[in-house]
There are 2 protein chains.
Amino acid sequence: MSDKYDKLPLDPLFKTIDELKPQFIERLSKAISIPSVSSDESLRPKVVEMSKFLVDELTQLGFQDIQVKELGTQPPPVQDANLQLPPIVLGRFGSDPKKKTVLVYGHYDVQPALKEDGWGTEPFTMHYDKTKDILYGRGSTDDKGPVMGWLNVIEAHNKLGWELPVNLVVCFEGMEESGSLGLDELVAKEAKQYFKNVDQVTISDNYWLGTTKPVLTYGLRGCNYYQIIVKGPGADLHSGIFGGIIAEPMTDLIKIMSTLVDGNGKILIPGVDDMVAPLTEKEDGLYDSIDFSVEELNAAAGSNTALHQNKKDILKHRWRYPSLSLHGIEGAFSGAGAKTVIPSKVVGKFSIRTVPDIESKKLDELVFKHINQEFAKLKSPNEFKVELIHDGNYWVSDPFNESFQAAAKATQDVWGIVPDFTREGGSIPITLTFEKELGVDVLLLPMGRGDDGAHSINEKLDVSNYINGCKTLGGYLHYYAKA
Amino acid sequence: MSDKYDKLPLDPLFKTIDELKPQFIERLSKAISIPSVSSDESLRPKVVEMSKFLVDELTQLGFQDIQVKELGTQPPPVQDANLQLPPIVLGRFGSDPKKKTVLVYGHYDVQPALKEDGWGTEPFTMHYDKTKDILYGRGSTDDKGPVMGWLNVIEAHNKLGWELPVNLVVCFEGMEESGSLGLDELVAKEAKQYFKNVDQVTISDNYWLGTTKPVLTYGLRGCNYYQIIVKGPGADLHSGIFGGIIAEPMTDLIKIMSTLVDGNGKILIPGVDDMVAPLTEKEDGLYDSIDFSVEELNAAAGSNTALHQNKKDILKHRWRYPSLSLHGIEGAFSGAGAKTVIPSKVVGKFSIRTVPDIESKKLDELVFKHINQEFAKLKSPNEFKVELIHDGNYWVSDPFNESFQAAAKATQDVWGIVPDFTREGGSIPITLTFEKELGVDVLLLPMGRGDDGAHSINEKLDVSNYINGCKTLGGYLHYYAKA
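Residues numbered from 1 in each chain as written. Chains lettered and ligands numbered in written order. Predicted model: local features only at pLDDT ≥ 70, side-chain atom pairs only at ≥ 80, totals over all residues. Heavy atoms only, no water.

Peer 1: I tried to follow the interface of chain A and chain B on my own but got confused; where do I start?
Peer 2: How big an interface is tends to be stated in terms of accessible area lost as the parts join. Listed per partner, the contact involves 85 residues of chain A and 85 residues of chain B. In total, chain A and chain B occlude about 6,800 Å² of area from one another, counting both sides; carbon and sulfur atoms represent 56% of this. On inspection of chain A and its partner chain B, the count reaches zero salt bridges. Taken together, chain A and chain B are joined by 45 residue pairs in polar contact (both at pLDDT 80 or more). Looking at the side of chain A that touches chain B element by element, the count peaks at eight residues for strand β11 (residues 323-330) of chain A. When grouped by side-chain class, the residues that make up the side of chain A that touches chain B number 37 nonpolar, 35 polar and 13 charged. (Contact = heavy atoms within 4.5 Å. Buried area = accessible area lost by both parts, 1.4 Å probe. Salt bridge = Lys/Arg side-chain N within 4 Å of Asp/Glu carboxyl O. Polar contact = N/O pair within 3.5 Å; in protein donor to acceptor, adjacent residues only side chain to side chain. Helix = DSSP H or I, 4+ residues; strand = E, 2+ residues; numbered from the N terminus. Nonpolar A, V, L, I, M, F, W, Y, C, P; charged D, E, K, R; others polar.)

Laid out in structure tokens, this is it:
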């Protein structure tokens, strides 16, 4: 693939990025310090604060036409019926009709995080471990690091006095961790307006497969997230007084949750596996060359609890087969120690990762049908409901198009190695929306490593990934401009 | 039963109690304002503060020989290995060898409570609803109201200038909601020392069966509380990246928890039901006269989700059959909304209410055996452990002894009605310890109503129950002194 482009003289850019390292780390530190957790309604003002931080940064860097798009009231289920969605921040750097236009998407919201979950340091105070050269903090890798990366690329060009080789459009949202509510509509609406000259969309919101080799990603699983609500008594009850004489919602919920997936990861909901595209010989061959091993999986998971013992099975089950995870129960006792409570209303949470050719609506039907049947079997007097909280489709693209090849060249310049072309188990639903609404290709260009702990405790971003990531993003724009 | 004693002239005592109502409510308000949650390690200082409050009250009322018994370090499982148990407070009012000596037990710790659990007002700020004449707050009925009740009885006697008809010994503990750790040992140790002349033990730590008729209680279920720990990855993981390729602890735990009890309340652990004493015809007849109905159960539960539709079945399943409740899961996602996490370590909590003739140790064996078998079936690579958190035996006494009959007479004087003799579904493990170690009878003399919401949100104590309860406690001492 290196034949497609001549090597560009990008050393001055890379050197400038190295010089700006302290400023770039400071920028990320500021971003992490704002706990923009989109799933926690009480932290919604912090999500909005984060959007303002971005607007300030864009303004200082010289972006034009900055627009803060309000998305209105968040639809149910919500606790506060008037809860406002966080805005989408749009900005434009350059509008030369002779240049290509690249749209860069990122999100400025993060997953929940509490020190007591097991973090080594405060999750919303960036911790720079200089011995390991690692930056710790919620959002460091998902997705504040990459978002800051794009800003850093502009700052480096400004300092060098270099012109950006493309027109850059940024689109930063604040609800990615909570189903990207409102984004699909905005992209559809702006497709022929703010986004009208966009030639390509680039997203840095995923990770290397392992910890040593850069990757470019051409496929993602989708995610349908469900909740099962079982409601009995009017309030939590004392299990001594009421145990044995009322139907306990937890008993019903646990029974239903136990019928969804088995210990080998097999989904027990009838019909789901039947929708999965059959594995062709050609696809099977693709997994052979990928650099990965069960040892890398075990190292990333911190355990020896892999369900499959060879590389190809692991990759297939991460990328091209669905999975079902039981996330937890809202409303039940969740603290340490013992509480003799009968919870009155419990809400079981689970999600299914989707792949070609699972149709999202058909999946919902199968899930609802199965769970309704299982609840009916219980003959319970409790109230019961199952609902979809959010969904997002899977996505698969062409790894041999211009943008993937440009990114591969930049990666080679920075890391000295040809990247692996991979798919991913996680979902970035907006990928599909951009592709469909704008009619352009989407490139996933990850910055962080497979062990960064996105969504987990002690989330981190290696400084080398942050700084080389900035170089790769910048280099990619130059190669793509020449294509 | 009213033939056994002549009616005593207690009207001056009752009138004084009425006059002291504002002070008594103020005393309870102060007690509720101290969040003495024994199961929350971070609130342990508040439990200790509550013990000091009691010492101050006892001192001011003229108690002698007040002793604060330290119980040492709390045994595992604990987060802080040096956690100190809250002390037991002992006090003595009178020591006339010609009088009988009554030991009064109560507990000054409470269940956890958070406003966001659904409380109408702050749980640790007493709310006096004057329209309904009800006092709301955590501990109002369980067990701070009754504990304050005994202090109120002394205050009324002091004000009247009446001598207390018995010697009163108080024993107040701070770990009742967390297994009464350290109490058994203290009672055994003090049986021949501080408690040596005790003739009778009275406990006010349970509730009327319904909401209108006072009861005296001669039986209690026990409670064995267990946790199942399943541990997989080293930290919580992203379900997109790891879903389908590692064994998820939640899947194992939910599967095991689903094998413990069915929707009809039937315990599925083999051998447990076989240990239950058979129902005799005589015992069956006892349930006929009790004032109770499925409607009262539904009203107390706030739902129409009763497992049995006739009074006798309900009472039997509350009092003389075991039950198993699934309380919740520690370590899983428990918040509102959606979090796409694979929890790394989950701890399932459940308890079994025990009855004659279930042997506690035998029960543990059956539970451990069943759960180990169920886990083995899963062939899971995850780590696994099941353990007892705490246990307390069931208790049954003789409702026709002196103290029950004295309490019945006092109840008649105050409420104008013969109380029902009942058993209870909840556990007060110490009842059995006092009976065994001191070799005396124990009387359970409840103050609150069946709908008070002990262990639930909006816990309350009706002012009439509080004030008439004080009269009943006081009157009982006078009748018992004459027996």
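Having put the structure on the table, let's press on.
Peer 1: Quick question: what am I supposed to make of the side chain of A:R423 here?
Peer 2: Residue and element names in this part refer to chain A. Its place among the elements puts R423 in strand β16 (residues 420-424). You can call R423 buried: its relative accessible area is 9%. Not counting residues up to four positions away in its chain, the partners in contact with R423 are T217, Y218, G219, E283, Y287, W319, R320, P356 and V396. (Buried < 20%, exposed > 50% of the residue type's maximum accessible area, 1.4 Å probe, protein only.)

Peer 1: Please clarify how the UniProt feature "domain: Peptidase M20 dimerisation" (unreviewed entry) in chain A should be interpreted in this entry.
Peer 2: According to UniProt, the positions carrying the feature "domain: Peptidase M20 dimerisation" (unreviewed entry) are residues 220-377 of chain A. Structurally, residues 220-377 of chain A is divided into 34% helix and 21% strand, and its ends, taken at the C-alpha atoms, are 36 Å apart. (UniProt positions renumbered as here; feature names shortened; annotations may be inferred.)

Peer 1: Would you explain the UniProt feature "binding site: Mn(2+) 1" (unreviewed entry) in chain A in this entry?
Peer 2: All names here are of chain A. Here, the residues flagged by UniProt with the feature "binding site: Mn(2+) 1" (unreviewed entry) are D142, E177 and H455. Separation in sequence by 314 residues is not matched in space for these annotated residues, since their most distant C-alpha atoms are only 9.6 Å apart. Checked against the element boundaries, D142 lands in the loop between β5 (134-136) and α4 (144-160). Given a relative accessible area of 5%, D142 falls into the buried group. When residues no more than four places from it in sequence are discounted, the contact partners of D142 are H107, D109, V110, E177, D205, Y207, A454, H455 and E459.

Peer 1: What should I look at first to understand the pairing of strand β6 (residues 167-173) of chain A in this one?
Peer 2: Along a regular strand, successive side chains alternate from one face of the sheet to the other. Residue and element names in this part refer to chain A. Counting buried residues along β6, seven of its seven residues qualify, which places the element largely inside the surrounding structure. Side chains N167, V169, C171 and E173 of β6 all project onto a buried face; the interleaved residues L168, V170 and F172 project onto the opposite face, where all are buried too. Two strands pair when backbone bridges link them, and strand β2 (residues 88-93) and β6 are joined in this way by five bridges, in the antiparallel orientation. Bridge pairing in β6 places R92 opposite V169. Judged from the seven bridges that link them, strand β3 (residues 101-107) and β6 form a sheet pairing that is parallel. Bridged to Y105 within β6 is C171. (Pairing = 2+ DSSP bridges.)

Peer 1: Please explain the sheet that holds β5(A) as it appears in this structure.
Peer 2: Each strand in a sheet pairs with another by means of backbone hydrogen bonds, the pair being arranged parallel or else antiparallel. All names here are of chain A. The strand order across the open sheet built from three strands is β4-β5-β18, with neighbouring strands paired in antiparallel fashion. The sheet is open, and its two edges are formed by β4 (127-129) and β18 (460-462), each paired on a single side. Sheet twist, expressed as the average angle between the axes of neighbouring strands with direction ignored, equals 20°. Bridge count between β5 and β18: three bridges; the pairing is antiparallel. By the bridge assignment, I134 is partnered in β18 with D462. On the sheet, helix α14 (residues 463-482) packs against β4, β5 and β18 and is oriented at approximately 65° with respect to β18. (Axes fitted to C-alpha atoms, helices over the stretch in contact; angles between N-to-C directions.)

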